[in-house]
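Each chain is listed here by its residues.
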Amino acid sequence: MSSATTARSTEVTVELHVNGRVYPARLDSTTTLLDALRDDLHLTGTKKGCDQGACGACTVLRDGKRIVSCLTLAAQCDGSEITTIEGLAEDGVPHPVQDAFVKHDAMQCGYCTAGQVMSAVSLLGEDEDRRATDDDIREFMSGNLCRCAAYPNIVAAIREVAGE
Amino acid sequence: MSDIEYVRPTDTSSAVTLVAEDPDAAFLAGGTTELDLALKDRVIRPSRFVDIGRLPLRGVTREGDRLRVAALTTMEELAADPTVRSRLPFVREALLLGASTQLRNMATIGGNLLQRTRCRYFRDPAVHACNKREPGSGCAAIEGVARMHAILGAGPSCIALHASDLCVPLVAMDAEVELLDADGTRRVPLTEFYRTPGDRPDVENVLRHGELVTHVVVPLLPAGTRSGYIKVRDRQSYEFATTSAAAAVQVEDGTITAARIGLGGVGTVPWRAWEAERVLVGAPANERTYRAAAEAAIRDPFTVPGTAFKVELAKRTIVRILRTVTA
Ligand SMILES: Cc1cc2nc3c(=O)[nH]c(=O)nc-3n(C[C@H](O)[C@H](O)[C@H](O)COP(=O)(O)OP(=O)(O)OC[C@H]3O[C@@H](n4cnc5c(N)ncnc54)[C@H](O)[C@@H]3O)c2cc1C
Ligand code: SF4
Ligand code: FES
Ligand code: FES
């Protein structure tokens with residue numbers, strides 16, 4: 001049997017692979033991926049809303065699939081490839097979804113935006129019938145809440161990239 | 001500083017031992033229920049998380065007319081399975097109408113079966129009266145806000161709902177759960193896996209401490225069977241069921257020859273509507289039959305003022321799913 005723990009098992013030694021970089025870290029065993037990203041790796045683009053899996057603000061990709069980082073332990077993500085909002089642009093060129101959000105003014109306060117964008121990036125790689133119509137986009141973006149209700153513009157931004 | 005240990009065994013027997021040896025240890029699969037209750041709501045206090053997330057218990061295999069689903073398969077993975085799409089379409093529908101894509105990428109099938117109730121009083125450590133958390137302390141929901149609570153299998157000790165969507169078609173299909181502990185393996189029908197609260201609302205199923213759900217075995221629908229799942233919610237998406245129903249029926253020359261009905265949003269356990277099935281089989285496929293089946297399904301509900309509306313809503317949900325799958 002192996003485990004991710006060393007001497008005291010209420011602490012864990014993990015290797016977080018984030019945006020192509022490797023971050024070794026020693027963390028409290030109950031540290032969520034979200035808190036590790038923000039407080040230990042200082043990647044504060046990922047936001048904390050509800051901290052209970054309900055709002056989507058903390059959405060990141062794990063091995064290419066969207067998850068909420070507040071309801072997973074950093075230890076559970078040991079060695080997995082994590083992509084956050086900071087990892088989307090390539091050589092300073094924003095991801096097409098980021099461009100579309102700017103173009104369509106798909107935000108107001110911006111608090112939910114990182115999560116919306118990560119979710120949308122993931123959606124573009126999922127079954128095509130999840131983005132065939134505006135209703136499909138709404139359904140498969142429903143895990144991302146926006147208190148400012150920028151929904152129409154978020155849908156418009158995603159529709160544009162999905163249609164390309 | 002937390003006092004919860006974290007271990008990640010690489011084989012199933014170590015995982016079983018690591019939970020069995022400590023009465024307060026808990027399996028951690030996707031974590032979407034367990035971490036919520038232990039770290040956020042703080043209504044359970046595990047001493048140790050035994051992370052089973054990387055055990056070799058993932059994937060779906062076809063065994064003749066059955067599907068064997070390993071417990072750590074995610075909700076998204078099961079929904080995407082080609083056999084589920086073609087031969088268990090209402091299981092796919094129930095999966096995709098649950099939670100969000102993010103959560104479905106994390107949540108496992110074993111965890112979905114064992115998700116805890118969403119009763120807000122159970123999840124609030126400031127509430128003292130909760131027989132499920134503290135047997136004998138009372139039930140705050142009975143006189144509280146009980147819109148999302150059960151009317152079947154419920155009683156004065158507890159009206160907490162089992163909120164899984166997936167389990168609704170699974171109980172209708174006579175799915176079985178495969179369990180493993182130090183004594184070996186056993187198979188339990190899902191319809192006998194859960195316990196209604198009675199005078200022990202803290203006991204929710206027949207699982208022994210340290211027993212691991214390894215697989216869920218689901219018979220496939222016979223060719224020519226139509227199936228469907230309907231979920232009635234307070235908002236259009238990303239919400240638990242107020243009521244739901246899964247149905248699979250066969251109709252020959254206008255007569256119903258086979259019927260399986262499961263109900264969600266109404267039971268303290270995923271609910272199999274046996275009485276409704278008995279009314280349906282042999283009867284003409286028409287509105288009068290559907291209403292009679294609905295009446296039979298919701299006989300003797302236990303309601304409180306907050307849940308009384310569900311009696312009629314559940315009946316209409318049943319009529320609607322029957323109409324849909326026979327149309
Ligand atoms: C915001 C939100 C919305 C949701 N909406 C819905 C919805 O609409 N419909 C719906 O059906 N569900 C919904 N859920 C519930 C979700 O489906 C469950 O939380 C999830 O399926 C649990 O799976 P998990 O792998 O994360 O389990 P975990 O949280 O890891 O575990 C849950 C429980 O099961 C035990 N356990 C896990 N796996 C095993 C195993 N193999 N053997 C023995 N014990 C085990 C754990 O010890 C724990 O007690 C929602 C959840 C959230 C947070
Ligand atoms: S319904 Fe059950 S879980 Fe909810 S407060 Fe009452 S006893 Fe507790
Ligand atoms: S902060 Fe994670 S879902 Fe709200
Ligand atoms: S832009 Fe303010 S919450 Fe979405």
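Only a predicted model underlies this, so the values are computations on that prediction, with no experimental measurement involved.

## Structural notes on the overall build of chain B
Thinking step 1. For chain B, the helix and strand inventory stands at twelve helices and twelve strands.
Thinking step 2. Whereas a compact globule of 327 residues would reach a radius of gyration of roughly 20 Å, chain B reaches 20 Å, a difference of no more than 12%.
Thinking step 3. By principal-axis analysis of the C-alpha atoms, chain B measures approximately 65 × 50 × 35 Å.
Thinking step 4. Here chain B holds 327 residues, and 59% of them are scored as buried.

## Thoughts on the domain arrangement of chain A
Note on interface size: it is often stated as the accessible area lost on association of the parts.
Residues and elements named next belong to chain A.
Thinking step 1. Its domain assignment divides chain A into domain 1 (11-87) and domain 2 (96-163).
Thinking step 2. For domain 1 and domain 2, the distance between their C-alpha centroids amounts to 21 Å.
Thinking step 3. At the junction of the two partners, domain 1 supplies 16 residues and domain 2 supplies 16 residues.
Thinking step 4. Carbon and sulfur atoms supply 55% of the area buried between domain 1 and domain 2, which totals about 1,200 Å² over both sides.
Thinking step 5. It is Thr 59, Arg 66 and Ile 85 that lose the most area in domain 1 upon contact with domain 2, and together they represent 48% of the buried surface on that side.
Thinking step 6. The interface formed by domain 1 and domain 2 holds one salt bridge in total.

## Remarks on the domain arrangement of chain B
Thinking step 1. Its domain assignment divides chain B into domain 1 (1-54) and domain 2 (226-326).
Thinking step 2. Inter-centroid distance (C-alpha atoms) of domain 1 of chain B to domain 2 of chain B is 37 Å.

## Observations regarding the pattern of salt bridges
All names here are of chain B.
Thinking step 1. Enumeration according to the criterion identifies 40 salt bridges over all chains in this entry.
Thinking step 2. Of the charged contacts in the structure, one is a salt bridge between Glu 5 and Arg 48, with a shortest N-O distance of 3.0 Å. Remark: Arg 48 occurs in strand S3 (residues 48-51) and Glu 5 occurs in strand S1 (residues 5-7); sequence separation between them is 43 residues.
Thinking step 3. What makes Glu 5 partly exposed here is its relative accessible area of 22%.
Thinking step 4. When its relative accessible area of 11% is taken as the criterion, Arg 48 is described as buried.
Thinking step 5. One salt bridge in this structure joins Glu 287 and Arg 323, with 2.6 Å as the shortest N-O distance. One end of the pair, Glu 287, is in helix H11 (residues 287-297); the other, Arg 323, is in helix H12 (residues 310-326), with 36 residues separating them in the sequence.
Thinking step 6. The class of Glu 287 is partly exposed, set by a relative accessible area of 39%.
Thinking step 7. Residues joined in a network through salt bridges with shared partners are Glu 63, Arg 66, Arg 68, Glu 176, Glu 178 and Arg 187.

## Digging into helix H1 (residues 33-40) of chain A
Residues and elements named next belong to chain A.
Thinking step 1. All of the buried residues along H1 are Leu 33, Leu 34, Ala 36 and Leu 37.
Thinking step 2. Where H1 is buried, its residues touch strand S1 (11-18), strand S2 (21-28), strand S3 (59-62), strand S4 (65-68) and strand S5 (81-83).
Thinking step 3. His 42 sits one or two positions beyond H1 and adopts a positive phi of about 60 degrees.

## Things to note about the site of ligand 1
Thinking step 1. The immediate surroundings of ligand 1 are formed by 35 residues, with B:Phe27, B:Thr32, B:Thr33, B:Thr108 and B:Asp165 found nearest.
Thinking step 2. More than one chain lines the surroundings of ligand 1; the residues nearby belong to chains A and B.
Thinking step 3. B:Ala99 has a polar backbone atom sitting 2.9 Å from an oxygen atom of ligand 1.
Thinking step 4. Relative to its unbound accessible surface of 980 Å², ligand 1 loses 95% to contact with the protein.
Thinking step 5. Secondary structure elements with two or more residues in the shell around ligand 1: strand S2 (25-28), helix H7 (109-113) and strand S8 (212-219) of chain B.
Thinking step 6. Examining the composition of the shell around ligand 1, we find that three residues originate from one element, H7(B), more than from any other.
Thinking step 7. For the shell around ligand 1, a count of residues per class yields 17 nonpolar, twelve polar and six charged.

## What to know about the environment of B:Arg299
Thinking step 1. The topology assignment puts B:Arg299 in the loop between H11 and H12.
Thinking step 2. Expressed as a C-alpha distance, the spacing of B:Arg299 and B:Leu152, which sit 147 residues apart in the sequence, is 8.8 Å.

## Brief notes about the site of ligand 2
Thinking step 1. What surrounds ligand 2 is a group of 15 residues, the closest being B:Cys119, B:Cys130, B:Cys139, B:Cys158 and B:Ile159.
Thinking step 2. Each residue belonging to the shell around ligand 2 can be placed in one class, and the counts come to eleven nonpolar, three polar and one charged.

## Some points on the packing of helix H2 (residues 96-103) of chain A against helix H5 (residues 151-162) of chain A
Residues and elements named next belong to chain A.
Thinking step 1. Between H2 and H5, the shortest axis-to-axis distance is 8 Å and the interhelical angle comes to 135 degrees. The angle between the axes of H2 and H5 places the two elements in the oblique class. Considering how the two elements wind past one another, H2 and H5 form a crossing that is right-handed. Across the interface between the two elements, Pro 96, Val 97, Ala 100, Phe 101 and Lys 103 of H2 pack against Ile 154, Ala 157, Ile 158, Glu 160 and Val 161 of H5.
Thinking step 2. Grouping the amino acids of the contact of H2 with H5 by side-chain chemistry returns eight nonpolar, no polar and two charged.

## What about the interface of chain B and chain A?
Thinking step 1. Facing 40 residues of chain B, the contacting portion of chain A comprises 46 residues.
Thinking step 2. Taken over both partners, the interface formed by chain B and chain A buries close to 3,200 Å², and the fraction arising from carbon and sulfur atoms is 49%.
Thinking step 3. Among the residues of chain B in contact with chain A, B:Tyr6, B:Lys40 and B:Gln102 are the three that bury the most area, contributing 21% of the side total.
Thinking step 4. The tally of links from chain B across to chain A stands at four salt bridges.
Thinking step 5. A salt bridge links B:Arg8 to A:Asp78; the nearest nitrogen and oxygen atoms lie 3.3 Å apart.
Thinking step 6. Taken together, the connections running from chain B to chain A amount to 22 residue pairs in polar contact (both at pLDDT 80 or more).
Thinking step 7. At the level of elements, S1, helix H1 (12-20), helix H2 (34-40), S3, helix H3 (75-80), helix H5 (89-96) and helix H6 (101-106) of chain B are the ones that each hand at least two residues to the side of chain B that touches chain A.
Thinking step 8. By residue number, the principal contributor to the side of chain B that touches chain A is H6(B), which donates six residues.
Thinking step 9. A breakdown of the residues in the side of chain B that touches chain A according to their chemical character gives 15 nonpolar, eleven polar and 14 charged.

Scoring rules and cut-offs
Residues numbered from 1 in each chain as written. Chains lettered and ligands numbered in written order. Predicted model: local features only at pLDDT ≥ 70, side-chain atom pairs only at ≥ 80, totals over all residues. Heavy atoms only, no water. Helix = DSSP H or I, 4+ residues; strand = E, 2+ residues; numbered from the N terminus. Rg over C-alpha atoms; globule rule 2.2 N^0.38 Å. Buried < 20%, exposed > 50% of the residue type's maximum accessible area, 1.4 Å probe, protein only. Domains from an automatic or database assignment. Contact = heavy atoms within 4.5 Å. Buried area = accessible area lost by both parts, 1.4 Å probe. Salt bridge = Lys/Arg side-chain N within 4 Å of Asp/Glu carboxyl O. Near = heavy atom within 4 Å. Polar contact = N/O pair within 3.5 Å; in protein donor to acceptor, adjacent residues only side chain to side chain. Areas by Shrake-Rupley, 256 points an atom, 1.4 Å probe, with all protein chains shown as cover. Nonpolar A, V, L, I, M, F, W, Y, C, P; charged D, E, K, R; others polar. Axes fitted to C-alpha atoms, helices over the stretch in contact; angles between N-to-C directions. Parallel < 35°, antiparallel > 145°, perpendicular 65-115°, else oblique. Left-handed = near helix turned anticlockwise from the far one by under 90°.

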